[in-house]
Amino acid sequence: MNLMERAGKRLRLAPGKSLVEKAADRLTSETGAAAPGPEALLPPDPGPAALWSADPLRAPEPRRPTQRQFSLDLDRLRAMGYTTPGDQSTLAEEFRLIKRPLLDNSIGRGLPRSDNANLIMVTSAGPNEGKTFVAINLAMSIASEHNVHVLLIDADVVNPTVPLVLGFDAQLGMIDVVGDPSIELADVMVRTNIDNLTILPAGQFTPLANELLASAQMTTFVDDIARRYSDRIIIFDSPPVLARTEPTVLARHVGQIVFVVEAEKTSRTSIGDALRLIDANKSVRIVLNKVPSVFTRDGFGQYYNYGYYRARTRPDGK
């Protein structure tokens, strides 16, 4: 008799069954309960949850957001009064006039290239002057350039408008990347069906937005995107200068500024007050918006030593 059979005899188990089955028989006779299957006597599969609970000090890693891709409805945008790549409309021609000196400056064509010249902030003195309209159209126009990629950043963390206009929902974005080092920039960017256009939403609002934009983390963020995407034009849709303090802080980091002025409404006093809050050493160009006549480059000359250009927007000024 081998050792296993002797053990079974000592335990008074019936012959002809495995040890697991015989143990189940004995458990039934002692408790009166139905005999469980052999698998019930095996150690249970711990599963993923048990792997976490085995060590009370170990917690699941936070879920990383994933890069999204969204297909813009170009017909919808054109119906709303926006230009799209390849557009031959009068509006498209106006933005070709606006983008050309910005592109020339970004690569140093014809003049010394300023620091971070590929980073462009679009802002205005007050709300509803059309700065988001200009930012989106400028991004669309530049994205139609051959081998020029555009990253459009919604930097209006209080009143983000870019996703609303373009027709998609967004949660995480720029302010989350700046405030949380565990969130990667590439994970919150939204790719579009326009090959050369990527969107970075504003992100979740925080009362400390100004402090974050003025922080060392913001400087690191801007330096990072300027270095990582040195071959890309980066456009910030910023809040109005006289309505929020964020544009004044953001202006320190960019190389060029597009200042949108609503024709026949924005006062010279407001323009002057806003421009004084922006670094005077920056390259600043003014876009005169909501002008009745179109397609012609404006001939107002120089005012505050900044160039004027014409553009139109929707009647509601968005």
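Quantities reported herein were computed from a predicted structural model and do not represent experimental measurements.

1. Examining the overall build of the protein chain
- Regarding its fold elements, the protein chain presents 13 helices and 10 strands.
- Sequence-distant contacts in the protein chain: of pairs separated by 6 or more residues, those separated by 24 or more amount to 73%.

2. Observations concerning the packing of helix α5 (residues 90-107) against helix α6 (residues 131-143)
- In the contact formed by α5 and α6, the axes pass within 9 Å of each other and the chain directions differ by 80°. When the axis of α5 is compared with that of α6, the two are roughly perpendicular. Contacts from L91, F95, R96, I98, K99, L102 and L103 in α5 reach F133, V134, N137, L138, S141 and I142 in α6.
- A breakdown of the residues in the contact of α5 with α6 according to their chemical character gives nine nonpolar, two polar and two charged.

3. Things to note about empty space enclosed by the protein
- Summed over all chains, the structure comprises one cavity of 30 Å³ or more.
- Estimated volume of the largest cavity: approximately 60 Å³.
- Taken together, the elements giving at least two residues each to the lining of the largest cavity come down to α5 and α6.
- A per-element tally of the lining of the largest cavity places α5 first, with three residues.
- Residue composition of the lining of the largest cavity, by class: three nonpolar, five polar and three charged.

4. Regarding the environment of T198
- Tracing the sequence through the fold places T198 in strand β5 (residues 197-200).
- By relative accessible area, T198 is classed as buried at 12%.
- On a C-alpha basis, the gap between T198 and V150 in space is 6.3 Å, while along the polypeptide they are 48 residues apart.
- When neighbours within four sequence positions are excluded, T198 is seen to be in contact with V150, L151, L152, M189, V190, R191 and R232.

5. Quick look at the nonpolar core
- If you look at the biggest cluster of nonpolar residues, it comprises 45 residues, and the most contacted ones within it are M174, L200, F221, F236 and F259.
- The greatest single-element share of this core, amounting to five residues, is contributed by helix α11 (residues 216-228).
- In this view, F236 contacts L119, I120, M121, V122, I153, A155, M174, I225, L250 and V254; residues no more than four positions away in its chain are not counted.
- If you look at the next biggest cluster of nonpolar residues, it comprises 37 residues, including I98, A143, V150 and I233.

6. Observations regarding the packing of aromatic side chains
- Enumeration over the complete set of coordinates arrives at three aromatic pairs.
- Between Y82 and F133 the ring centres are 5.1 Å apart and the planes differ by 45°, which places this aromatic pair in the tilted class. Taken together, the residues span a long stretch of sequence, with Y82 in the loop between α4 (74-79) and α5 and F133 in helix α6 at a distance of 51 residues.
- Note on Y82: relative accessible area 3%, which makes it buried.
- Its relative accessible area of 1% is what places F133 among the buried residues.
- Measuring from ring centre to ring centre gives 6.3 Å for F95 and F133, while their planes differ by 65°; the resulting arrangement is edge-to-face.

7. Looking at the pairing of strand β8 (residues 283-289)
- Of all the seven residues making up β8, five are buried; the element is thus mostly covered by neighbouring parts of the structure.
- Bridge count between strand β7 (residues 256-262) and β8: seven bridges; the pairing is parallel. Across the sheet, V258 pairs through a bridge with R285, a residue of β8.

Conventions adopted
Residues numbered from 1 in each chain as written. Predicted model: local features only at pLDDT ≥ 70, side-chain atom pairs only at ≥ 80, totals over all residues. Heavy atoms only, no water. Helix = DSSP H or I, 4+ residues; strand = E, 2+ residues; numbered from the N terminus. Contact = heavy atoms within 4.5 Å. Axes fitted to C-alpha atoms, helices over the stretch in contact; angles between N-to-C directions. Parallel < 35°, antiparallel > 145°, perpendicular 65-115°, else oblique. Nonpolar A, V, L, I, M, F, W, Y, C, P; charged D, E, K, R; others polar. 1 Å grid on protein atoms, 1.4 Å probe; cavity = no way out; pocket = protein on both sides within 12 Å on 5 of 7 lines; lining within 4 Å. Points joined across faces, edges and corners; volume = space filled by probe spheres on them. Buried < 20%, exposed > 50% of the residue type's maximum accessible area, 1.4 Å probe, protein only. Core = buried A, V, L, I, M, F, W, Y, C linked by side-chain atoms within 4.5 Å. Phe/Tyr/Trp six-rings, centres within 6.5 Å; stacked < 30°, edge-to-face > 60°. Pairing = 2+ DSSP bridges.

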